[in-house]
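# Notes for the structure review
Now for the letters of each chain:
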Amino acid sequence: MATGMQKQISMKIADKSDMEDLVALRVEMQIEDWERTLNQDFSGYAQKFGELTHRHLEEKLGKSIFFAILYEEQEPVSCCALEELGELPQITVCTEPDARHGCLASVYTKPAYRGRGYQQRLLGYLMDYVKDLGFHDITLTTNSPDAAHIYLKYGFTHISEKYFLAL
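The present account deals with the structure reproduced in this document.

Thresholds, definitions, all that
The written sequence of each chain sets the order in which its residues are numbered from 1. Only residues with pLDDT of 70 or above have their local features reported here, since the model is predicted, and side-chain atom pairs are shown and tallied only from 80 upward, although totals for entire chains, interfaces and linings are computed over all residues. Side-chain numbers here rest on the full set of heavy atoms in the structure, without hydrogens or water. Secondary structure elements follow DSSP: runs of H or I of four or more residues count as helices, runs of E of two or more count as strands, with numbering from the N terminus. Here a polar contact means two N or O atoms within 3.5 Å. Within protein one must be a hydrogen donor candidate and the other an acceptor candidate, and residues neighboring in sequence count only if both atoms are side-chain atoms. Note on terminology: a nonpolar core comprises buried Ala, Val, Leu, Ile, Met, Phe, Trp, Tyr and Cys residues joined through side-chain atoms within 4.5 Å. Burial status follows relative accessibility: with a 1.4 Å probe on protein chains alone, a residue under 20% of its type maximum counts as buried, one over 50% as exposed, and anything between as partly exposed. In this description, contact between two residues means that some pair of their heavy atoms is separated by no more than 4.5 Å. Two rings from Phe, Tyr or Trp (for Trp, the six-membered ring) form a pair when their centres are within 6.5 Å of each other. A pair whose planes differ by under 30 degrees is stacked, one over 60 is edge-to-face, and the rest are tilted. One side-chain nitrogen of Lys or Arg within 4 Å of one carboxyl oxygen of Asp or Glu is enough to make a salt bridge. DSSP-based pairing: two strands are paired if at least 2 bridges between them are found. All axes here are fitted lines through C-alpha atoms, helices being fitted over the stretch that makes contact, and every angle between N-to-C directions spans 0 to 180 degrees.

## Quick notes on the side chain of H101
- The residue H101 is located in strand β4 (residues 100–109) in this model.
- For H101, the side chain forms a polar contact with the side chain of D137, separated by 2.9 Å.

## What about the nonpolar core?
- Within the largest apolar cluster, 19 residues are counted, with the highest numbers of intra-cluster contacts made by A68, L104, L123, L126, M127, V130 and Y151.
- Elements represented by at least two residues in this core include exactly β2 (65–72), β3 (75–84), α3 (118–132) and α4 (145–154).
- Of the residues forming this core, the biggest block, six residues, is contributed by α3.
- Those residues in contact with L104 that sit more than four places away from it in its chain are A81, L82, L123, L126, M127, I138, T139, L140, Y151 and F156.
- In terms of nonpolar packing, the next biggest core, distinct from the first, is built from 17 residues, M19, L22, V23 and V27 among them.

## Topic: unusual backbone geometry
- Even without glycine at this site, E73 takes up a positive phi of about 50°.
- The partly exposed category is assigned to E73, whose relative accessible area is 42%.
- Unusually for a residue other than glycine, S106 sits at a positive phi of about 50°.
- Inspection of the secondary structure puts S106 in strand β4.

## Points about the packing of aromatic side chains
- By the definition in use, this model includes five aromatic pairs.
- Between F42 and Y45, the aromatic rings sit 6.1 Å apart at their centres with planes inclined by 45°, giving tilted as the arrangement.
- Judged by centre distance (6.4 Å) and plane angle (40°), the rings of Y154 and F156 are tilted.
- Its relative accessible area of 37% is what places Y154 among the partly exposed residues.
- Connected via pairs of aromatic rings, a cluster forms that spans F66, Y129 and F135.

## A few points about the pattern of salt bridges
- Counted according to the given criterion, the structure contains 10 salt bridges.
- A salt bridge links E32 to R114; its shortest N-O distance comes to 2.8 Å. Taken together, the positions of E32 in helix α1 (residues 19–38) and R114 in the loop between β4 and α3 put the pair 82 residues apart, joining distant regions of the chain.
- Measuring nitrogen to oxygen at the nearest pair gives 3.9 Å for the salt bridge that ties K60 to E59.
- Looking at K60, the relative accessible area reads 25%, which means it is partly exposed.
- A relative accessible area of 51% means that E59 is categorised as exposed.
- What emerges from the salt-bridge pattern is a single network uniting E32, D33, R36 and R114.

## Topic: the sheet that holds β2
- A sheet is described by the order of its strands in space; here five strands give the open sequence β1-β2-β3-β4-β5, paired in mixed fashion. Each of the sheet's edge strands pairs with one partner strand only, and the pair in question is β1 (9–13) and β5 (135–139). Each adjacent strand pair in this sheet contributes to an overall mean axis angle of 25°, direction not counted.
- Where β2 and β3 come together, eight bridges link them in antiparallel fashion. Within β3, the position partnered with I65 by the bridge is E83.
- The strands touched by α3 are β1, β2, β3, β4 and β5; relative to β3, the strand with the most contacts, the crossing angle is about 40°.

Following this line, the structure appears as structure tokens:
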């Protein structure tokens, strides 16, 4: 019986050398998510959103935003980020006032690579990293039942739903 070749998988905490990969993944993720949510084509905003994302990450990557990125055969296929909550703290800050608190964001795997367990692996990788940085608790929102299943399996507790209003 012939067996398929094992794909080379690597994960890393992103730095500025990964900017092009991060921006491309976030643009793809945002277009997919908002088209599904609002049933509207957002692809015309790809370049502008990419530029905005690049400027934002240029300032905050590795300081208050931490991305993990997964590569298959050197192609970026999955990412997730933790953004530090500092502007408007959660009540959980009171339990550990010296700890850092974050929000999981930009969790994405390219459609062709889903179902391979990449997001679970990447989530664990990022959580280990930010725990070592002094983060105490993590919040998130999702509108994906598949993603919710991963978060519950990882140990997150379901506490709310996500709503959106365009003004």
